[in-house]
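Per-entry structural report
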Amino acid sequence: MPTRLERGEAVMLAEEGRMHVLAPLSADRELIGVVRFTTAVDRGQMAAEHFRELSKFIALALKTPDLYTRATHDGLTGLASKRHLLTELAAEVAACRRRQEPLSLIMLDIDHFKKVNDKHGHQAGDRILIAIGALLKKKLRKGDGEAFRYGGEEMVVLLPRTPIEGAAEVAVRVRCLVLFDQRRQVG
(Lines give C-alpha, C1' and ligand atoms only; values in the text may rest on other atoms or scores of the structure.)
Protein backbone atom coordinates (compact mmCIF):
# COMPACT_ATOMS: atom_id res chain seq x y z
CA MET A 1 0.00 0.00 0.00
CA PRO A 2 1.47 3.39 -1.01
CA THR A 3 2.54 5.77 1.74
CA ARG A 4 1.02 9.23 2.09
CA LEU A 5 4.07 10.72 0.38
CA GLU A 6 3.79 8.26 -2.51
CA ARG A 7 0.14 9.31 -2.89
CA GLY A 8 1.30 12.95 -3.18
CA GLU A 9 0.23 14.01 0.30
CA ALA A 10 2.32 16.11 2.65
CA VAL A 11 3.13 14.79 6.12
CA MET A 12 3.35 17.11 9.12
CA LEU A 13 5.22 16.25 12.31
CA ALA A 14 5.30 18.49 15.41
CA GLU A 15 8.36 18.50 17.64
CA GLU A 16 9.54 20.90 20.39
CA GLY A 17 7.74 24.01 19.13
CA ARG A 18 8.54 23.28 15.48
CA MET A 19 6.52 21.83 12.68
CA HIS A 20 8.25 19.66 10.08
CA VAL A 21 6.45 19.39 6.77
CA LEU A 22 7.53 16.58 4.48
CA ALA A 23 6.32 17.37 0.99
CA PRO A 24 6.61 14.92 -1.89
CA LEU A 25 8.54 15.90 -4.99
CA SER A 26 6.31 14.35 -7.63
CA ALA A 27 6.45 14.87 -11.36
CA ASP A 28 4.39 12.94 -13.89
CA ARG A 29 2.91 10.89 -11.03
CA GLU A 30 6.38 9.70 -10.05
CA LEU A 31 7.82 10.32 -6.59
CA ILE A 32 11.35 11.59 -7.23
CA GLY A 33 12.15 12.78 -3.74
CA VAL A 34 10.95 14.42 -0.56
CA VAL A 35 11.68 17.90 0.70
CA ARG A 36 11.51 18.79 4.38
CA PHE A 37 10.55 22.25 5.58
CA THR A 38 10.69 23.27 9.22
CA THR A 39 8.74 26.18 10.69
CA ALA A 40 7.17 27.35 13.95
CA VAL A 41 4.25 25.19 15.08
CA ASP A 42 1.77 28.09 14.90
CA ARG A 43 2.60 28.55 11.20
CA GLY A 44 2.61 24.87 10.31
CA GLN A 45 -0.79 24.52 8.64
CA MET A 46 -0.48 27.71 6.60
CA ALA A 47 3.10 26.92 5.63
CA ALA A 48 2.18 23.37 4.64
CA GLU A 49 -0.06 24.67 1.84
CA HIS A 50 2.70 26.89 0.49
CA PHE A 51 5.28 24.13 0.79
CA ARG A 52 3.09 21.69 -1.13
CA GLU A 53 2.86 24.18 -4.00
CA LEU A 54 6.57 24.97 -3.82
CA SER A 55 7.43 21.27 -3.88
CA LYS A 56 5.58 20.92 -7.22
CA PHE A 57 7.85 23.56 -8.78
CA ILE A 58 10.96 22.00 -7.26
CA ALA A 59 9.96 18.58 -8.63
CA LEU A 60 9.35 20.05 -12.10
CA ALA A 61 12.76 21.76 -12.02
CA LEU A 62 14.45 18.50 -11.00
CA LYS A 63 12.59 16.46 -13.61
CA THR A 64 13.23 18.90 -16.46
CA PRO A 65 16.39 20.88 -15.66
CA ASP A 66 16.50 22.36 -19.15
CA LEU A 67 13.02 23.86 -18.87
CA TYR A 68 14.34 27.43 -18.63
CA THR A 69 16.61 26.92 -21.62
CA ARG A 70 13.77 25.45 -23.67
CA ALA A 71 11.59 28.43 -22.77
CA THR A 72 14.20 31.06 -23.62
CA HIS A 73 16.19 29.55 -26.50
CA ASP A 74 15.35 28.46 -30.02
CA GLY A 75 15.64 24.69 -30.36
CA LEU A 76 17.08 24.78 -33.87
CA THR A 77 19.72 27.52 -33.74
CA GLY A 78 20.47 27.61 -30.02
CA LEU A 79 20.05 31.39 -30.11
CA ALA A 80 17.88 33.10 -27.55
CA SER A 81 14.21 33.14 -28.58
CA LYS A 82 11.96 35.99 -29.69
CA ARG A 83 10.11 35.74 -26.38
CA HIS A 84 13.41 36.17 -24.53
CA LEU A 85 14.32 39.08 -26.82
CA LEU A 86 11.12 40.90 -25.96
CA THR A 87 11.81 40.50 -22.25
CA GLU A 88 15.45 41.55 -22.57
CA LEU A 89 14.59 44.43 -24.89
CA ALA A 90 12.11 45.91 -22.43
CA ALA A 91 14.67 45.65 -19.62
CA GLU A 92 17.48 47.12 -21.74
CA VAL A 93 15.35 50.01 -23.01
CA ALA A 94 14.45 50.91 -19.42
CA ALA A 95 18.08 50.57 -18.23
CA CYS A 96 19.51 52.58 -21.12
CA ARG A 97 16.94 55.33 -20.60
CA ARG A 98 17.73 55.46 -16.90
CA ARG A 99 21.48 55.64 -17.53
CA GLN A 100 21.04 57.80 -20.63
CA GLU A 101 23.07 55.36 -22.70
CA PRO A 102 22.57 54.33 -26.33
CA LEU A 103 20.92 51.07 -27.34
CA SER A 104 21.19 49.56 -30.81
CA LEU A 105 19.53 46.62 -32.47
CA ILE A 106 20.59 44.87 -35.66
CA MET A 107 18.03 42.93 -37.66
CA LEU A 108 19.38 40.19 -39.94
CA ASP A 109 17.32 38.62 -42.70
CA ILE A 110 18.72 35.89 -44.95
CA ASP A 111 18.25 36.90 -48.58
CA HIS A 112 16.29 34.52 -50.84
CA PHE A 113 15.78 32.02 -48.03
CA LYS A 114 12.43 30.85 -49.40
CA LYS A 115 14.13 29.94 -52.68
CA VAL A 116 16.68 27.83 -50.79
CA ASN A 117 13.89 25.96 -48.99
CA ASP A 118 11.89 25.53 -52.21
CA LYS A 119 14.86 24.35 -54.29
CA HIS A 120 16.87 22.33 -51.74
CA GLY A 121 14.31 21.49 -49.04
CA HIS A 122 13.74 22.60 -45.47
CA GLN A 123 16.59 20.49 -44.14
CA ALA A 124 19.03 22.56 -46.21
CA GLY A 125 17.38 25.71 -44.88
CA ASP A 126 17.70 24.39 -41.33
CA ARG A 127 21.43 23.74 -41.88
CA ILE A 128 21.86 27.35 -42.98
CA LEU A 129 19.99 28.65 -39.93
CA ILE A 130 22.05 26.42 -37.63
CA ALA A 131 25.31 27.59 -39.24
CA ILE A 132 24.43 31.27 -38.97
CA GLY A 133 23.26 30.81 -35.38
CA ALA A 134 26.57 29.10 -34.55
CA LEU A 135 28.52 31.93 -36.21
CA LEU A 136 26.64 34.55 -34.23
CA LYS A 137 27.16 32.71 -30.94
CA LYS A 138 30.83 32.09 -31.63
CA LYS A 139 31.91 35.33 -33.24
CA LEU A 140 30.05 38.04 -31.37
CA ARG A 141 32.62 39.52 -29.02
CA LYS A 142 31.91 39.56 -25.31
CA GLY A 143 30.16 42.82 -24.64
CA ASP A 144 28.90 43.12 -28.23
CA GLY A 145 25.47 41.97 -27.19
CA GLU A 146 23.31 38.91 -27.61
CA ALA A 147 21.87 37.24 -30.70
CA PHE A 148 18.25 36.11 -30.91
CA ARG A 149 16.21 34.18 -33.45
CA TYR A 150 13.32 36.48 -34.20
CA GLY A 151 11.41 34.18 -36.52
CA GLY A 152 11.85 32.23 -39.73
CA GLU A 153 15.15 33.39 -41.18
CA GLU A 154 15.25 36.62 -39.18
CA MET A 155 17.72 37.16 -36.38
CA VAL A 156 18.42 40.08 -34.09
CA VAL A 157 21.51 41.26 -32.28
CA LEU A 158 20.76 43.45 -29.26
CA LEU A 159 23.57 45.88 -28.47
CA PRO A 160 23.19 47.68 -25.13
CA ARG A 161 25.39 50.74 -24.57
CA THR A 162 26.28 50.79 -28.27
CA PRO A 163 25.95 53.92 -30.40
CA ILE A 164 24.90 53.65 -34.04
CA GLU A 165 28.52 53.74 -35.29
CA GLY A 166 29.39 50.72 -33.12
CA ALA A 167 26.29 48.89 -34.28
CA ALA A 168 27.24 49.53 -37.90
CA GLU A 169 30.71 48.03 -37.24
CA VAL A 170 29.17 44.92 -35.66
CA ALA A 171 26.70 44.60 -38.57
CA VAL A 172 29.50 44.77 -41.14
CA ARG A 173 31.57 42.25 -39.16
CA VAL A 174 28.60 39.83 -38.94
CA ARG A 175 27.86 40.23 -42.67
CA CYS A 176 31.52 39.53 -43.55
CA LEU A 177 31.56 36.47 -41.29
CA VAL A 178 28.46 35.04 -42.97
CA LEU A 179 29.78 35.75 -46.47
CA PHE A 180 33.20 34.31 -45.64
CA ASP A 181 31.66 31.19 -44.10
CA GLN A 182 29.37 30.78 -47.13
CA ARG A 183 32.31 31.02 -49.56
CA ARG A 184 34.39 28.66 -47.45
CA GLN A 185 31.64 26.02 -47.50
CA VAL A 186 30.94 26.41 -51.23
CA GLY A 187 34.52 26.74 -52.44
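Refer to the structure printed above.
In what follows, the accompanying structure is described. (Residues numbered from 1 in each chain as written. Predicted model: local features only at pLDDT ≥ 70, side-chain atom pairs only at ≥ 80, totals over all residues. Heavy atoms only, no water.)

What about the overall build of the protein?
Put simply, the rule reads: Under the scheme used here, helices are H or I runs from DSSP no shorter than 4 residues and strands are E runs no shorter than 2 residues, and both carry numbers assigned from the N terminus. Taken over C-alpha atoms, the radius of gyration is set against a globule rule of 2.2 Å times the number of residues to the power 0.38. Contacts are assigned to residue pairs with any non-hydrogen atoms lying within 4.5 Å of each other. Here the accessible surface of atoms and residues is derived via Shrake-Rupley with a 1.4 Å probe, and residues count as covered only by protein chains that are part of the display. Positive charges are assigned to Lys and Arg, negative charges to Asp and Glu, while His and the chain termini are left out of the count. Where a charge sits is defined by one atom per residue type, namely NZ (Lys), CZ (Arg), CG (Asp) or CD (Glu).
When its secondary structure is counted, the protein shows six helices and six strands. Ordered by position from the N terminus, the helices and strands of the protein form the series β-β-β-α-α-α-β-α-α-β-β-α. For 187 residues, the compact-globule formula gives about 16 Å, and the C-alpha radius of gyration of the protein, at 25 Å, lies well above that figure. The principal-axis extent of the C-alpha atoms belonging to the protein is close to 75 × 45 × 20 Å. Taking as baseline every contact in the protein between residues at least 6 positions apart, the subset at least 24 positions apart corresponds to 51%. In the structure as shown, the protein presents an accessible area of about 12,600 Å², 55% of it carried by carbon and sulfur atoms. Charge centroids of the protein, computed over 30 positive and 25 negative side chains, lie 4 Å from each other.

A closer look at unusual backbone geometry
Most peptide bonds take the trans form, and the phi angle of most residues other than glycine is negative. Basically, it comes down to this: Residue burial is assigned from relative accessible area. The probe radius is 1.4 Å, only protein chains are included, and a residue is buried under 20% of its type maximum, exposed over 50%, and partly exposed in between.
The phi dihedral of Glu16 is positive, around 45°, even though this residue is not glycine. Structurally, Glu16 can be placed in the loop between strand E1 (11-15) and strand E2 (18-27). With a relative accessible area of 74%, Glu16 lands in the exposed category. A positive phi is found at Gln100, a non-glycine position, where the angle reads about 55°. On the secondary structure map, Gln100 appears in the loop between helix H3 (82-99) and strand E4 (103-109).

Describing the nonpolar core
Applicable threshold: Here, nonpolar core means buried Ala, Val, Leu, Ile, Met, Phe, Trp, Tyr and Cys residues that are tied together by side-chain atoms lying within 4.5 Å of each other.
Ranked by internal contacts, the top residues of the largest apolar core, which has 16 residues, are Leu136, Met155 and Val157. Of all the secondary-structure elements, those providing two or more residues to this core are E4, helix H5 (122-139), strand E6 (154-160) and helix H6 (164-186). Sequence-distant contacts of Met155, defined by excluding residues within four places in its chain, comprise Thr77, Leu79, Ile106, Met107, Leu108, Leu129, Ile132, Gly133, Leu136, Phe148, Arg149 and Tyr150.

What about H5?
How we decide: Helix span is expected to be 1.5 Å times the residue number reduced by one.
In this model, H5 (18 residues) spans 25 Å end to end at C-alpha, consistent with the 26 Å of a helix rising 1.5 Å per residue. Along H5, the positions that sit buried rather than exposed are Ala124, Gly125, Leu129, Ile132, Gly133, Leu135 and Leu136.

Brief notes about the packing of aromatic side chains
Describing an aromatic ring pair means giving the distance of the ring centres and the angle of the ring planes. Rules: Stacked, edge-to-face and tilted are the three classes for Phe, Tyr and Trp ring pairs, Trp counted by its six-membered ring, which pair at centre distances within 6.5 Å; planes under 30 degrees apart are stacked, over 60 edge-to-face, the rest tilted. Placement of a charge over a ring requires the Lys NZ or Arg CZ to be within 6 Å of the ring centre, with the centre-to-atom vector within 35 degrees of the ring normal.
Going through the model one piece at a time under the given rule, you end up with zero aromatic pairs. The cationic tip of Lys82 hangs over the ring face of Tyr150; the distance from NZ or CZ to the ring centre is 4.5 Å.

Topic: the sheet that holds E4
Our working definition: Two strands qualify as a pair provided that DSSP identifies no fewer than 2 bridges between them. Angles shown run from 0 to 180 degrees and are taken between the N-to-C directions of axes, each axis being a line fitted to C-alpha atoms and, for helices, limited to the stretch in contact.
Reading across the sheet, the three strands line up as E4-E6-E5 and stay open at both edges, with antiparallel pairing between neighbours. Each edge of the open sheet carries a strand with a single partner, namely E4 and strand E5 (146-151). Pairs of neighbouring strands in the sheet enclose a mean axial angle of 25°, with direction left out of account. The pairing of E4 with E6 spans seven bridges and is antiparallel. Each residue of the ladder has a partner; that of Asp109, found in E6, is Glu154. In this fold H3 packs onto E4, E5 and E6, with an angle of close to 130° to the strand it touches most, E5. Sheet contacts for H5: E5 and E6; angle to E6, the most-contacted strand, approximately 10°.

Thoughts on the sheet that holds E1
Read across the open sheet, the three strands follow the order E1-E2-E3; overall the sheet is antiparallel. The open sheet has two edge strands with one neighbour each: E1 and strand E3 (30-40). Neighbour-to-neighbour, the strand axes of the sheet open up by a mean angle of 20°, direction not taken into account. Sheet topology note: the E1/E2 ladder contains five bridges and is antiparallel. Bridge assignment links Met12 to a residue of E2, and that residue is Val21.

Nothing here speaks to function; it is geometry throughout.
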